[in-house]
Amino acid sequence: MTHLFLGSIGVLAETSELQRQAFNDAFAEVGLDWNWSREAYSKMLRRSGGQQRIADYAEAQGMTVDAVELHRLKSTLFQARLDAGVPLRPGVIEAIAETRKAGGRLAFVSGTLADNVDAILAAARLSRRDFDLVTDATWDARPKPAPDLYLSALETLGIAAEDVLAVEDNPDGLRAASAAGIRVLAFPGLYHDGSDFTGACAVQTELDPGAAASAGAR
């Protein structure tokens, strides 16, 4: 039996552009003349962690900002943008249903803020009750690409890594799941199309875990 771990909010819905706009809104609200273009943001996404992106950018500008508070403001603005709802990415709802039908366990292994997790789930017409496990930034774990969240999820659910297929939309997530001994299906979104997903058992634009599971070993 294959259990399914969905690894980020970007796996559920295409949110990167909404995130970029929320960052720029936050910068404007506190009087910063920063404006992250699509090209610049695409490069920033090669590393996970919005708070760290703010800190790194400020350092590059020779400035000091409260990255924690600025990221919290960005998250509030992002959640407001989700109020209208967002569609699930192609194949996601079917993959969830098929996993359930087969008796597999379903986890959402994210390291983002708990409020953001709840907001994206609500916007996608899902909730924490739809998963056997949901992780977020409140967990005592190093951020991806460290494998901590995946290892904690395996331990909490009491299942073996070889029985899990993880779905990740970014290279850091892939590295985190792989380091935990889990096979990974790459499901790149708008800002990660063309990223290096070496090590994935498959790369898909429409989620089909069944096809990925039969694509071969790690």
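Residues numbered from 1 in each chain as written. Predicted model: local features only at pLDDT ≥ 70, side-chain atom pairs only at ≥ 80, totals over all residues. Heavy atoms only, no water.

Draft legend 1. Broad picture of the packing of aromatic side chains. With the rule as written, the count across this model stands at 11 aromatic pairs. Pairing Trp36 with Tyr57 gives two aromatic rings, centres 5.4 Å apart and planes at 70°, and the pair type is edge-to-face. Linking Trp36 in the loop between α2 (16–29) and α3 (38–44) with Tyr57 in helix α4 (residues 50–60), this pair joins segments that are 21 residues apart in sequence. Taken together, the aromatic side chains of Phe23, Phe27, Trp34, Trp36, Tyr41, Tyr57 and Tyr191 make up a single cluster linked through ring pairs. Positioned above the aromatic ring of Phe23 is the side chain of Lys74, whose terminal nitrogen or guanidinium carbon lies 4.8 Å from the ring centre. Over the face of the ring belonging to Phe187 we find Arg89, whose NZ or CZ atom lies 3.7 Å from the ring centre. (Phe/Tyr/Trp six-rings, centres within 6.5 Å; stacked < 30°, edge-to-face > 60°. Helix = DSSP H or I, 4+ residues; strand = E, 2+ residues; numbered from the N terminus. Lys NZ or Arg CZ within 6 Å of the ring centre and 35° of its normal.)

Draft legend 2. Molecular detail of the sheet that holds strand β2 (residues 106–109). Strand order in the open sheet formed by 6 strands is β3-β2-β1-β4-β5-β6, and the pairing between neighbours is parallel. Looking at strand neighbours, the two that pair on one side only are β3 (133–135) and β6 (202–203), the edges of this open sheet. (Pairing = 2+ DSSP bridges.)

Draft legend 3. Representation of helix α6 (residues 92–101) in the model. Residues of α6 that are buried include every one of Val92, Ala95, Ile96 and Thr99, and no others. Seen along its axis, α6 keeps its buried residues to an arc of 100°; they face one direction. Where α6 ends, the next residue or the one after it, Gly103, has phi of about 85°, a positive value. (Buried < 20%, exposed > 50% of the residue type's maximum accessible area, 1.4 Å probe, protein only. Arc of directions from axis to C-beta.)

Draft legend 4. Quick look at helix α9 (residues 171–179). Every buried residue of α9 is accounted for by Pro171, Asp172, Gly173, Leu174, Ala176 and Ala177. The inward-facing, buried residues of α9 abut α8 (148–157), β4 (164–168) and β5 (183–186). Between a side-chain oxygen at the N-terminus of α9 and the backbone nitrogen of Asp172 the separation is 3.2 Å; the capping residue is Asn170. (Contact = heavy atoms within 4.5 Å. Polar contact = N/O pair within 3.5 Å; in protein donor to acceptor, adjacent residues only side chain to side chain.)

Draft legend 5. Representation of unusual backbone geometry within the structure. Note the cis peptide between Lys144 and Pro145, where omega equals 20°. Mapping Pro145 onto the fold places it in the loop between β3 and α8. Unlike most non-glycine residues, Arg125 shows phi in positive territory, near 65°.

Draft legend 6. Main features of the nonpolar core. Among the nonpolar cores identified, the biggest contains 47 residues, and Leu6, Phe27, Ile54, Phe108, Phe131 and Val167 are the most heavily contacted of them. In this view, Phe108 contacts Leu6, Ser8, Ile9, Leu12, Val117, Leu121, Phe131, Leu133, Val134 and Thr135; residues no more than four positions away in its chain are not counted. One finds Leu133, Leu149, Tyr150 and Phe197 within the second-largest nonpolar core, a separate group that totals 21 residues. (Core = buried A, V, L, I, M, F, W, Y, C linked by side-chain atoms within 4.5 Å.)

Keep in mind these numbers describe shape, not what the thing actually does.
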